[in-house]
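Close look at the chain arrangement
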Amino acid sequence: MTHSVTDPLAPVRRGSRAWRTAAVLAVLFLAAHLPFLASTLEDVDSVNFALGLRQFDPAQHRPHPPGYPIYMALGKAANTVLSEPHALAIWGALFGALSAFALLRIFGCLDVLTGEAPSAEVPRFRLAEWLGRPAIAMALTMTAPLYWMTAARPMSDSAGLAATLVAQAILLTAMIRRRESPEGTGTSNTDAVAVRSGRLALLGALAAAIAIGVRSQAAWLTLPLLVVVIADRRRNAMSALIGAGVWFSAGIALWLVPLLIASGGPRTYYAAFTTQAGEDWSGVDLLATHFGLRRFVFALSDTLV
């Protein structure tokens, strides 16, 4: 007979079997990537990143807007002891490895939210049940070819994804903790859980802002979830919106103010940003701007096959 666990996230918490699996995979992932980090710059974007290591000025495409300020700060720090390609690539390998823990928490949260939380006792003769579905999903994600190979490139993709995953993990945990404390119970225990959930939501808003500073595309993967978490607080949604807005704004200011200063001011940065955005839309054969059945079929093939 099986018994449900008190904490729905206990199977993926620190020290659990799944968490130890994530730790082992993280070490293996890092060890397999460090000897094979990109030793040269591979395209115009990576060249722009390298130019940014020498003199950070997004207005001059050093690197190209939006500027990736936090990623560039990490690259500059690594560049004091590593070559430019290695200084840019090391963070993808390191953060790609550490993402094992964020992925594990995300998949564990999704199991809980869909009513598929694992039980405390599981048969040991089936790997998926012994490790847990979140651990299996985490391992499949980290060994996917796109995830695996991107982590060795001198680009911001893997570092930005890792920061995004951390924000998502925090926000999903906040949602689960909120549901552990139904409104109107009035007990000290549920009140404490509600406070903890609120703090996690604020921390998630801050993490989302920082993730955007690593790679701007993180906004598409964090802000919708932040909105869902705020709306999930129901009667406390307005106070959660105000608090999350303050923490999110503070996180944005941490990297936006230095970014604007380095670019020569808001007007100069805005001009460079709009120029870059226009080139991205007009200088590339995008399916969204040149839709056609043949191009659509090729896009599906390139993406999925």
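Note: the structure precedes this text.
Being a predicted model, the structure only gives us computed values, none of them experimental. (Residues numbered from 1 in each chain as written. Predicted model: local features only at pLDDT ≥ 70, side-chain atom pairs only at ≥ 80, totals over all residues. Heavy atoms only, no water.)

The topology assignment puts S158 in helix α8 (residues 157-179). Looking at S158, its side chain comes within polar contact range of the main-chain nitrogen of A151, at 3.3 Å. Not counting the four nearest positions on each side in its chain, S158 is found in contact with G92, T150 and A151. (Helix = DSSP H or I, 4+ residues; strand = E, 2+ residues; numbered from the N terminus. Polar contact = N/O pair within 3.5 Å; in protein donor to acceptor, adjacent residues only side chain to side chain. Contact = heavy atoms within 4.5 Å.)

The subject of this paragraph is the pattern of salt bridges. According to the stated counting rule, one finds nine salt bridges in the structure shown. A salt bridge links R177 to D7; its shortest N-O distance comes to 2.9 Å. Of this pair, R177 sits in helix α8 while D7 sits in the segment before α1 (17-33), and the two are 170 residues apart along the sequence. With a relative accessible area of 5%, R177 lands in the buried category. Across the pair R133 and D111 runs a salt bridge, and its minimum N-O distance is 2.6 Å. Of the two residues, R133 is situated in helix α6 (residues 133-142) and D111 in helix α4 (residues 84-113); the sequence distance between them amounts to 22 residues. Taking relative accessible area as the criterion, D111 reaches 8% and is therefore assigned buried. Taken together, the salt bridges that share partners define one network made up of D7, R13 and R177. (Salt bridge = Lys/Arg side-chain N within 4 Å of Asp/Glu carboxyl O. Buried < 20%, exposed > 50% of the residue type's maximum accessible area, 1.4 Å probe, protein only.)

For the rest of this paragraph, the subject is α4. An α-helical segment advances 3.6 residues per turn. Residues three or four places apart therefore align on the same side. Between the first and last C-alpha of α4 there are 43 Å, a value that for 30 residues agrees with the 44 Å anticipated at 1.5 Å per step. Downstream of α4 by one or two residues, G115 has phi in the positive range, about 75°. (Expected span 1.5 Å × (residues − 1).)

Here a ring pair, both rings aromatic, is described through the centre-centre distance and the interplanar angle of the planes. The tally for this structure, following the rule as stated, stands at eight aromatic pairs. Each ring, one from F29 and one from W148, has its centre 5.0 Å from the other, and the planes form 75°; the classification is edge-to-face. One end of the pair, F29, is in helix α1; the other, W148, is in helix α7 (residues 145-150), and 119 residues separate them in sequence. Look at W148 and you get partly exposed, because its relative accessible area is 30%. Ring geometry for W91 and F95: centres 5.6 Å apart, planes at 40°, overall tilted. Within this pair, W91 and its partner F95 are both found in helix α4, separated by four residues, close to a single helical turn. Overall, F95 belongs to the partly exposed group, its relative accessible area being 22%. (Phe/Tyr/Trp six-rings, centres within 6.5 Å; stacked < 30°, edge-to-face > 60°.)

Before going further, it helps to examine unusual backbone geometry. At the junction of R62 and P63, the peptide bond is cis and its omega measures out at 0° in the coordinates. For P63, the position within the fold is in the loop between α2 (44-54) and α3 (69-79). P66 follows P65 through a cis peptide bond whose omega is 10°. Structurally, P66 can be placed in the loop between α2 and α3.

Buried residues of α6: P134, A135, M138 and M142, and no others. Seen along its axis, α6 keeps its buried residues to an arc of 100°; they face one direction. (Arc of directions from axis to C-beta.)

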